[in-house]
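# Results of the structural survey
What follows is each chain in one-letter form.
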Amino acid sequence: MLSTLFTSLKLKNTYWVNSRLYMIKRIPGLRNVLSDSIYSWGWMKSLFTVLGIIREILSTFVYKFLFVFVFIIIPLMGMGHIGGDNFLANTFNETGPDPGVTETFTIDDIAWPAFLSMFFFLTLVGGFTNNTLFDGRMDSYYATELLKLDQRKYTLSNYAYLMLRFVIGYIPVALMISALFDKPLWLVAFIPLFVAGTKVIISAAELLLFSVNDKKGKYDNIEAGKVTAGDYVKTFLIGVLFAAAYMPVAVGYPLPAGVVITLMIVMIALGIIGAAVLIRYKDYRNYCRRQITIFFEAMGMAKNAANITAKKNIDDMPTATSNKKGFEFLNDIFIKRHKKLLWKSTKRITLISLGIMALLILALIIPVSRDFLKDGLNDLLLNNLTLLPILLYFINKGRGFTQALFMNCDHSLLTYSFYKEPSNILHLFRLRLVEISKVNLLPAAVIGAGLVILLFLSGGAKNPIYYPIVFLTVTGMSVFFSIHYLVMYYLLQPYNSETEAKSGLYSIIMFATYFVCYFITQQEIPLMIFGLAVIGFCVLYSVIALILAYKLAPKTFRIKT
């Protein structure tokens, strides 16, 4: 078992090092300078090997601290359970502590049970989202399929190594918690075991579920990209666990500390049972091959996976037609044949948003629930609308729209010279911008209008200008995402003739977009400042992006080579 683990770790490190060397070769300006001999440079390989070890150590410890700090400590500070007003004022004062303010650090009576309650439910979330029994990557494919390492030994040894890293990584976190809440070490010593136990029992349950479904042949005809009923159940369960982590604490009623500790001990005991299930399981060969297949399909490494997924977004409308002419006709037919991708899910999101808004409005009208929700909701709307960017990031259809444009339209038409003429590129760009803006504005308008009504019913704002600012903030961000994705598509066009994404800069910008949206959610900014800043940024960005698109798109909108 140990020899299998060491072999797999060496292979993983070799794959990681060679991947970094390949990335260096792909840097513009270096791809023609560096030859394939870079893979034989011993000093370069040693450097990246050291960096890989450092990366492994940092991921073992740093991510655990970040998880606890970002998802638990900061929310507790924001709710006032940890820190105190003066402590927060001095902590976030950009010019340093205010000499006229005495810094105090306080922990209220419910901080400890609140911490335990949040940690318990978020760890359950992590059991589903950050827990890989067998990671279907290229290095695991090389190990189990090419080098023929025993799948059972490979899976169990690597998973044991992963759980050991979780236990070791959470020991310093447990020490920090002990010091912060002034609790004895024996009380927090089982936290690392609870984390590992939770992940093991969930992995065991998923493995048994796989075994049952596999015997019934439920995986035989599953196509690439198809969402199953189990995916919906898992997503719903994760949402419930997130709500259970934060909502009781937000209203001041977290689970009692004794109850949470008892549940943690139960999960540790179940983890031992789960470990026995993993050890006794026999058919790892079939399970591993299934995970590798999923990896190939997800990464587009199966030749037709991306095309199959893209074609499934086309509605079966052989009679779809239009009375328009030229590019208007082309664009109209494209939109009609992609209603499933664009409008079906958008209407569903709109209806869900409408339902949530209606329930909240009803709750503010009913006297009993109104007294309970009014103050907290009003404060949320006036000081925490920073949650909006990440929400609109996830519900906008910009990225899926541009991918479908290439897969099902531009992929073929960009091979014709007339299609690449500047006037035609810009004409079609304008038509597409109008269409995707309409798609994204529908749910945004519902959310914006709903927030305006909620702000009014929850106590209102001191200045009537707040109401249009709320609506314009939401709709402005919707327009921003529409322009952002379409402009990036035209300026960077990331796909090659095999429909593979080949633009590193495009991927970096997409990640940066998500990161900025997430970063904003961690801030607490008054509505007036946040709204005006967002509206101003959206207007400025849109103007600059559209100018760049009109100037550069005729030169950049080409198939990647």
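This report concerns the structure included in the present document. Since the model is a prediction, treat every value here as computed from it, not as a measurement.

Rules behind the numbers
- Along each chain, numbering runs from 1 in the same order as the chain's sequence is written.
- With pLDDT at 70 or above as the cut-off, local features in this predicted model cover only qualifying residues; side-chain atom pairs require 80 or more to be listed or tallied, and sums for whole chains, interfaces and linings still use all residues.
- Heavy atoms from the whole structure form the basis of all side-chain values; hydrogens and water molecules are not counted.
- Where helices are involved, their axes are fitted lines through C-alpha atoms of the stretch in contact, as for all axes, and angles between N-to-C directions lie from 0 to 180°.
- Labels follow the DSSP assignment, with helices taken as runs of H or I lasting at least four residues and strands as runs of E lasting at least two, numbered in each case from the N terminus.
- When an angle is under 35 degrees it counts as roughly parallel; over 145 it counts as roughly antiparallel; between 65 and 115 it counts as roughly perpendicular; any other value is oblique.
- A clockwise turn of the near helix away from the far one marks a right-handed crossing, whereas an anticlockwise turn of less than a right angle marks a left-handed crossing.
- In this description, contact between two residues means that some pair of their heavy atoms is separated by no more than 4.5 Å.
- Note on residue categories: nonpolar means Ala, Val, Leu, Ile, Met, Phe, Trp, Tyr, Cys or Pro, charged means Asp, Glu, Lys or Arg, and polar means any other residue, Gly included.
- Bend is the name given here to the angle between axes fitted to two runs of seven residues, the run ending at a residue and the run starting at it.
- Whether a residue is buried, partly exposed or exposed follows from its accessible area with a 1.4 Å probe, protein chains only, as a fraction of its type maximum: under 20%, in between, or over 50%, in that order.
- Aromatic pairing here means that ring centres of Phe, Tyr or Trp (its six-membered ring) are within 6.5 Å. Orientation follows from the plane angle: under 30 degrees is stacked, over 60 is edge-to-face, and everything else is tilted.
- Consider the ring centre and the ring normal. A charge sits over the ring if Lys NZ or Arg CZ is within 6 Å of that centre and within 35 degrees of that normal.
- The term polar contact refers here to a pair of N or O atoms within 3.5 Å; inside protein, the definition further demands a hydrogen-donor-capable atom paired with an acceptor-capable atom, and it admits residues adjacent in sequence only when both atoms are side-chain atoms.

## Re the packing of helix α16 (residues 388-395) against helix α19 (residues 466-492)
Packing of α16 against α19 brings their axes to within 10 Å, and their N-to-C directions diverge by 45 degrees. What the angle tells us is that α16 and α19 run oblique. Considering only the axes of α16 and α19, their crossing is right-handed. Residues Leu 388, Pro 389, Leu 392 and Tyr 393 of α16 lie in contact with α19, whose contacting residues are Val 474, Met 477, Ser 478, Phe 481 and Tyr 485. Split into classes, the residues belonging to the contact of α16 with α19 amount to 8 nonpolar, 1 polar and no charged.

## Digging into helix α21 (residues 527-556)
For α21, the principal kink sits at Tyr 550 and spans about 40 degrees; a proline, Pro 554, occurs within the next four residues. Taken residue by residue, α21 has Leu 527, Phe 530, Gly 531, Val 534, Cys 538, Tyr 541, Ser 542, Ala 545, Ala 549, Ala 553 and Pro 554 as its buried positions.

## Brief notes about the packing of aromatic side chains
Tallying each qualifying case throughout the model produces 30 aromatic pairs. Taken together, a centroid distance of 5.6 Å and an interplanar angle of 55 degrees make the contact between Phe 480 and Phe 537 tilted. Pair noted here: Phe 480 is in helix α19 and Phe 537 is in helix α21, with a separation of 57 residues, a long-range link. Accessibility expressed as a relative area gives 11% for Phe 480, which makes it buried. Judged by relative accessible area, Phe 537 falls into the partly exposed class, the value being 46%. Taken together, the ring pairs connect Phe 67, Phe 71, Trp 112, Phe 115, Phe 119, Phe 120, Phe 121, Tyr 170, Phe 181 and Phe 194 into an aromatic cluster. Sitting over the face of the ring of Phe 166, Lys 64 holds its NZ or CZ atom 4.5 Å from the ring centroid. It is Lys 199 that lies over the ring of Phe 166; its NZ or CZ is 4.5 Å from the centre.

## Digging into the side chain of Ser 8
Here Ser 8 shows up in helix α1 (residues 2-25). A residue is classified by how much of its surface remains accessible, and Ser 8, at 3% relative accessible area, is buried. Looking at Ser 8, its side chain comes within polar contact range of the side chain of Asn 158, at 3.1 Å. Excluding anything up to four places from it in sequence, Ser 8 contacts Tyr 154 and Asn 158.

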